[in-house]
Amino acid sequence: MNPGHRWAAMAAAGVLAAGTSHAALAAGGAVRTLPKGADVALAGGSLQLTLVRSNVLRVHFLPGGHASPAALVMSPRAPVEAAGPVTVRRSGHQLVLESRAMRVVFDRGTDTLSVFRANSPIAVLTEADLAGLAHRTLALRYAPETAALYGVHDFNAFQRARAGLLRSGRQLATAGFQGDAGAPLVWSTAGFAVLIDSQKTLFDLTPGSIQVLRETRPDLDYYLILGAPKRIFSTLDVLTGHAPLFPKWSFGFINSQWGIDEGELLRIIHRYRALHIPIDAFSLDFDWKAWGQNNYGEFRWNSKKFPDGPTGKLDRELTALGIHLIGIMKPRIHVHTIEGQYATEHHLWMPGEKASIDYFSHKPVKTLDFDKAATRKWFFNPALRHSFETGIVGWWNDEDDETGHDTQFFNMERALYDGQRKYFKERVWSLNRNFWLGAQRYAYGLWSGDIRSGFASMAAQRQRMLSAIDVGEMWWGMDGGGFHLHPSSENYARWLEFDAFAPICRVHGSHLQRRQPWIYGGTAARAATAALDLRYRLMPYIYSNAWHEHVTGIGLVRPLTFSWPHDRHVRNDYSAWMFGKWLLVSPVVHRHQRVKHLYLPPGTWTNFFTGKIYRGGRAYTLALDYKTWMDIPLFVRQGAIIPTQPLMQYIGQHPVTQLTVEVFPDKRATHFDYYDDNGETYAYEHGQYYLQRLGTQALGRTVHLTVGPVRGTYKPALQRYLFVVHRVDAGAVRVDGRALNPAANLAALSGCTQVCWARGHNRVASLTFIDLPAGKPYHVSIKEEDGQQGRRPD
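Residues numbered from 1 in each chain as written. Predicted model: local features only at pLDDT ≥ 70, side-chain atom pairs only at ≥ 80, totals over all residues. Heavy atoms only, no water.

**Q** Explain unusual backbone geometry to me, using residue names and the numbers behind them.
**A** In the segment running from A143 into P144, the intervening peptide bond is cis, with an omega of -5°. Relative to the helices and strands, P144 is located in the loop between strand 10 (138–142) and strand 11 (149–153). Of note in the backbone geometry, E399 takes a positive phi value of approximately 75° without being a glycine. Considering the arrangement of structural elements, one finds E399 in the loop between strand 24 (392–397) and helix 9 (408–423). Located in the positive-phi region is L485, a residue other than glycine, with phi close to 70°. Along the chain, L485 falls in the loop between strand 28 (476–477) and helix 11 (489–499). (Helix = DSSP H or I, 4+ residues; strand = E, 2+ residues; numbered from the N terminus.)

Right, dumping it as structure tokens:
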């Protein structure tokens with residue numbers, strides 16, 4: 001009897017009773033139906049099919065009915081079954097699982113597994129060789145065969161990133177080294193993704209086929225996901241874990257330096273303040289710690305270079321200047337020390353590693369094994385806790401990518417995250433030199449390694465950033481200006497403009513290299529400062545997008561494929577990206593560049609600086625300022641709502657009592673969720689935040705603004721919103737149905753206590769200003785003057 005006939009006969013005989021054990025299945029049972037899935041007997045084991053979300057099928061092959069522990073990629077809180085309704089039914093030889101988003105068909109006659117979108121007759125993913133699961137191999141067919149594939153890995157600092165964002169051929173998912181990032185993940189703009197619960201997975205990607213040739217667990221465990229790119233990444237966030245919010249200061253500018261002492265540090269910070277160049281943090285290399293000294297020198301201040309570090313006096317002085325300190329951390333400690341003796345006695349070393357001579361202390365060191373729970377528990381020791389208490393409030397984790405173990409960096413930062421959260425209320429921030437999916441759960445940022453200076457190196461950071469995001473690392477940064485060598489003034493200026501629109505804004509150089517803007521001359525300093533000023537004005541927009549990433553998994557920086565998955569022009573476009581929901585940026589990355597060729601996706605776009613309107617779905621040639629480098633190709637998408645704040649020299653320098661909200665109404669309804677909290681602690685996890693939805697829509701000659709009710713218990717300093725509605729010349733304004741008289745001009749709104757409005761204009765178009773109290777819901781309707789609607793984009 002063939003397998004399909006046997007399955008049908010058993011079903012007719014009522015053999016497929018719920019509650020059949022795995023052992024019974026292996027002994028001859030065929031299928032056990034469950035509320036959200038089924039167990040299926042296969043040669044060599046059993047197959048669990050479970051809808052864990054409406055758009056996610058988990059497929060788990062259990063050889064002999066046995067499961068191995070889940071890999072670190074999966075969140076301990078990952079869902080085990082879908083919350084919504086799931087139908088499990090039999091139809092002839094077929095077992096069907098169905099949710100509102102997905103239909104799964106297992107055909108026992110052919111032992112084929114197919115995944116469909118709900119109400120679609122075309123299979124998106126098909127697995128026809130389920131017998132291969134017993135050999136830890138997987139062969140999926142996907143449709144259409146021309147679909148673009150992404151994910152798997154990033155590029156390290158020394159690779160040529162010629163493939164850009166697309167992935168094909170044999171691809172090894174590994175955390176890698178020197179800025180690499182990896183995930184056992186393949187996804188497509190055609191609307192599907194494959195996530196393997198594993199470490200170091202080898203894929204073979206060919207047109208129409210995704211194969212897993214090697215994976216580390218004996219029980220192949222994978223997730224088939226349906227959805228557009230944003231839904232895929234929101235789903236990944238649920239499966240692999242949410243990234244906690246970074247402290248607010250970390251979204252500002254970070255200056256990193258190797259070769260510094262306390263005196264130079266203070267002189268640099270005072271000069272930043274005197275020149276009115278914004279900065280929030282300074283990152284210290286080996287210099288901050290007593291590296292090579294006995295009695296936990298790897299974890300404590302170097303009192304010769306930083307005499308006021310151990311007492312907290314330096315921290316108090318820098319806090320008054322709005323500066324936070326980040327300290328480098330290494331995975332190795334010195335063997336012939338008290339801490340080295342402890343590691344030996346408690347077996348904390350990396351197995352099989354011999355002692356080597358450290359390149360900085362010239363003394364014997366060995367690497368700690370962070371995959372051991374005992375190592376992680378010990379690492380955040382009293383010496384390190386004292387360093388945190390006296391000012392080292394961010395972690396720059398370096399060189400743990402040299403062990404060849406994918407989870408070493410992951411678990412090194414996990415040790416710091418768990419330790420800091422155990423002892424302190426302040427949020428964790430870290431920067432690390434590789435990434436494996438799942439590490440984001442531990443406040444995990446990535447930087448792109450020890451890159452070179454120069455325009456070619458700077459240009460190559462674009463595909464590195466977007467490839468990291470394509471494997472789930474949304475918090476990426478780089479050594480702005482390059483680590484090796486010295487950038488030219490033009491290279492530095494253009495690099496800072498790029499940096500201002502990266503998730504983490506940071507500069508760094510090799511030993512004794514300085515990366516302060518004034519080092520590179522007046523022209524470069526002015527361009528760099530202007531870029532940083534803009535980032536700081538956009539801080540409410542940036543921080544709200546950071547919150548959005550925390551709750552949805554969709555980051556501040558987004559490849560264009562996230563919003564235009566079906567536009568072939570952007571499938572491998574890394575020259576531009578979305579910065580948050582509403583801004584498209586394409587930094588200048590070539591020397592002496594006079595023009596830039598830029599494709600704008602479908603829609604209507606406004607040049608952020610000039611106000612000129614561009615129709616999307618086509619390419620443009622833009623003239624560039626090749627002499628003073630003061631221009632950044634930056635465009636606003638129609639429908640945008642962008643909150644901004646007054647310029648500050650550091651985040652929190654002054655209370656933000658009013659936000660200016662730039663509004664570009666569109667025919668479709670759009671919104672922006674403005675978010676704030678104390679920026680320092682995890683109180684937001686307990687409801688202490690401020691969240692208010694701002695919306696707009698242009699219907700005929702009337703523009704609507706909506707301000708929703710406030711969610712959360714946090715009370716910010718914010719008192720008012722000033723909406724600047726672009727290309728709208730108001731003839732009448734009503735608030736909650738009540739007509740308002742206009743003020744004489746924008747300046748006359750300064751004394752407004754309720755809701756007021758005024759007309760104005762910029763260089764290219766009319767503006768309408770609406771000034772109203774924050775913290776309350778409102779509906780504002782703006783009726784345009786007769787004949788003015790044509791000035792707005794369609």
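**Q** Go over the nonpolar core with me, naming the residues and quoting the values.
**A** In this structure, L57, Y721 and F723 are the most contacted members of the largest nonpolar core, which totals 224 residues. In terms of nonpolar packing, the next biggest core, distinct from the first, is built from 13 residues, L560, A576, Y599 and L622 among them. (Core = buried A, V, L, I, M, F, W, Y, C linked by side-chain atoms within 4.5 Å. Buried < 20%, exposed > 50% of the residue type's maximum accessible area, 1.4 Å probe, protein only.)

**Q** So what's going on with the state of the cysteines? Which residues, and what values?
**A** Considering all chains together, one arrives at 1 disulfide under this definition. Put simply, C752 and C756 are joined by a disulfide, and their sulfur atoms are 2.1 Å apart. In this structure, the disulfide formed by C752 and C756 twists by about 90° around the S-S bond and is classed as right-handed. (Disulfide = S-S within 2.5 Å.)

**Q** Residues and numbers for the environment of T367, please.
**A** For T367, the location among the structural elements is in strand 23 (residues 364–367). Linking T367 and M350, residues 17 residues apart in sequence, is a C-alpha distance of 5.6 Å. When residues no more than four places from it in sequence are discounted, the contact partners of T367 are P331, R332, L348, W349, M350, E353, D400 and T403. (Contact = heavy atoms within 4.5 Å.)

**Q** For helix 6 (residues 338–345), give the residues involved together with the corresponding values.
**A** Listed in full, the buried residues belonging to helix 6 are E339, G340 and A343. Taken end-on, helix 6 shows its buried residues confined to a sector of 100°, consistent with a single buried face. Positive phi shows up at H347, right after helix 6, with a value of about 60°. (Arc of directions from axis to C-beta.)

**Q** Before we move on, can you summarise the pattern of salt bridges with the specific residues and values?
**A** Overall, the coordinates contain 29 salt bridges when judged by the stated rule. One salt bridge connects D450 with R433, and the closest N-O pair in it is separated by 3.4 Å. Taken as a pair, D450 in the loop between strand 27 (445–447) and helix 10 (455–470) and R433 in the loop between strand 25 (430–432) and strand 26 (435–436) lie far apart in primary sequence, 17 residues in all. When sorted by exposure, D450 lands in the same class as R433, which is buried. Put simply, R668 and D666 hold a salt bridge, and the shortest N to O gap is 2.9 Å. (Salt bridge = Lys/Arg side-chain N within 4 Å of Asp/Glu carboxyl O.)

**Q** How would you sum up the packing of helix 12 (residues 522–537) against helix 13 (residues 539–552)? Please name residues and give values.
**A** Between helix 12 and helix 13, the shortest axis-to-axis distance is 5 Å and the interhelical angle comes to 60°. By the angle between their directions, the pair helix 12 and helix 13 is classed as oblique. Together, R535, Y536 and R537 of helix 12 and M539, P540 and I542 of helix 13 make up the contact between the two elements. In terms of residue class, the contact of helix 12 with helix 13 is built from 4 nonpolar, no polar and 2 charged. (Axes fitted to C-alpha atoms, helices over the stretch in contact; angles between N-to-C directions. Parallel < 35°, antiparallel > 145°, perpendicular 65-115°, else oblique. Nonpolar A, V, L, I, M, F, W, Y, C, P; charged D, E, K, R; others polar.)

**Q** Tell me about the sheet that holds strand 5 (residues 87–91), residues and numbers included.
**A** Pairing is antiparallel across the open sheet formed by 9 strands, whose spatial order is 5-6-7-8-9-10-16-15-12. Looking at the sheet topology across the chains shown, the edges are occupied by strand 5 and strand 12 (169–173). Sheet twist, expressed as the mean angle between neighbouring strand axes with direction ignored, is 20°. In this structure, strand 7 (residues 102–107) lies alongside strand 8 (residues 112–117), joined through 6 bridges in antiparallel fashion. In the strand pairing of strand 8, V105 is matched with S114. (Pairing = 2+ DSSP bridges.)

**Q** Which residues make up the sheet that holds strand 40 (residues 670–676), and what values do they have?
**A** The strands making up a sheet are joined through hydrogen bonds of the backbone, oriented either antiparallel or parallel. Strand order in the open sheet formed by 6 strands is 40-41-42-48-44-45, and the pairing between neighbours is antiparallel. Two strands close off the open sheet at either side, each with one partner strand: strand 40 and strand 45 (738–740). On average, adjacent strands in this sheet sit at an angle of 20° to one another, irrespective of strand direction. With 6 bridges connecting them, strand 42 (residues 702–711) and strand 48 (residues 778–784) associate as antiparallel partners. Residue pairing across strands places V703 opposite I782, the latter belonging to strand 48. Strand contacts of helix 13: strand 40 and strand 41 (690–699), with the helix running at about 90° to strand 40, the strand carrying the most contacts.

**Q** Give me the pairing of strand 1 (residues 31–34): which residues, what numbers.
**A** As defined by bridge partners, strand 1 adjoins strand 2 (residues 37–42) across 4 bridges and the pair is classed as antiparallel. Following the sheet pairing, L34 is matched in strand 2 by G37. Linking two consecutive strands that pair antiparallel, namely strand 1 and strand 2, is a turn of 2 residues.

**Q** Would you mind going over the pairing of strand 17 (residues 221–226) in detail, with residue names and values included?
**A** When you tally the buried positions in strand 17, you get 6 out of 6 residues, the bulk of the element. With burial as the criterion, each face of strand 17 is covered, one bearing D221, Y223 and I225 and the other bearing Y222, L224 and L226. The sheet contact formed by strand 4 (residues 56–63) and strand 17 spans 5 bridges and is antiparallel. Residue pairing for strand 17: V56 is matched across the bridge by I225.

**Q** So what's going on with the packing of helix 10 against helix 11? Which residues, and what values?
**A** Contact geometry for helix 10 and helix 11: axes closest at 10 Å, N-to-C directions at 15°. With respect to helix 11, the axis of helix 10 lies roughly parallel. For the pair helix 10 and helix 11, the sense of crossing is right-handed. When helix 10 is examined against helix 11, the residues F455, S457, M458, Q461, R462 and M465 are found in contact with a partner set consisting of E490, N491, R494, W495 and F498. Considered class by class, the residues forming the contact of helix 10 with helix 11 number 5 nonpolar, 3 polar and 3 charged. (Left-handed = near helix turned anticlockwise from the far one by under 90°.)

**Q** Report on the packing of aromatic side chains, specifying residues and quantitative values.
**A** Scanning all chains against the criterion turns up 49 aromatic pairs. Plain terms: the ring middles of F380 and W395 are 6.0 Å apart, the flat faces sit at 85° to each other, and that makes the pair edge-to-face. Here the residue F380 occupies a position in the loop between helix 7 (373–379) and helix 8 (382–389), and W395 occupies one in strand 24, the gap between them amounting to 15 residues. A residue is classified by how much of its surface remains accessible, and F380, at 2% relative accessible area, is buried. By relative accessible area, which is 0% here, W395 ends up buried. Taking 6.1 Å as the distance between ring centres and 75° as the angle between the ring planes, the aromatic pair formed by W396 and W447 counts as edge-to-face. (Phe/Tyr/Trp six-rings, centres within 6.5 Å; stacked < 30°, edge-to-face > 60°.)

**Q** Help me get a handle on the side chain of S575, residues and values and all.
**A** With respect to the secondary-structure elements, S575 resides in the loop between strand 30 (557–558) and strand 31 (577–579). At a separation of 2.7 Å, a polar atom in the side chain of S575 contacts the side chain of D573. Not counting residues within four places of it along the chain, the set of residues in contact with S575 comprises R462, V585, S586 and P587. (Polar contact = N/O pair within 3.5 Å; in protein donor to acceptor, adjacent residues only side chain to side chain.)

**Q** Lay out the side chain of N55 in plain terms, naming residues and giving numbers.
**A** Along the chain, N55 falls in the loop between strand 3 (45–53) and strand 4. Among the polar contacts made by the side chain of N55, one reaches the side chain of T235 at a distance of 3.1 Å. Those residues in contact with N55 that lie beyond four places of it in its chain are A101, M102, L224, I225, L226, R231 and T235.

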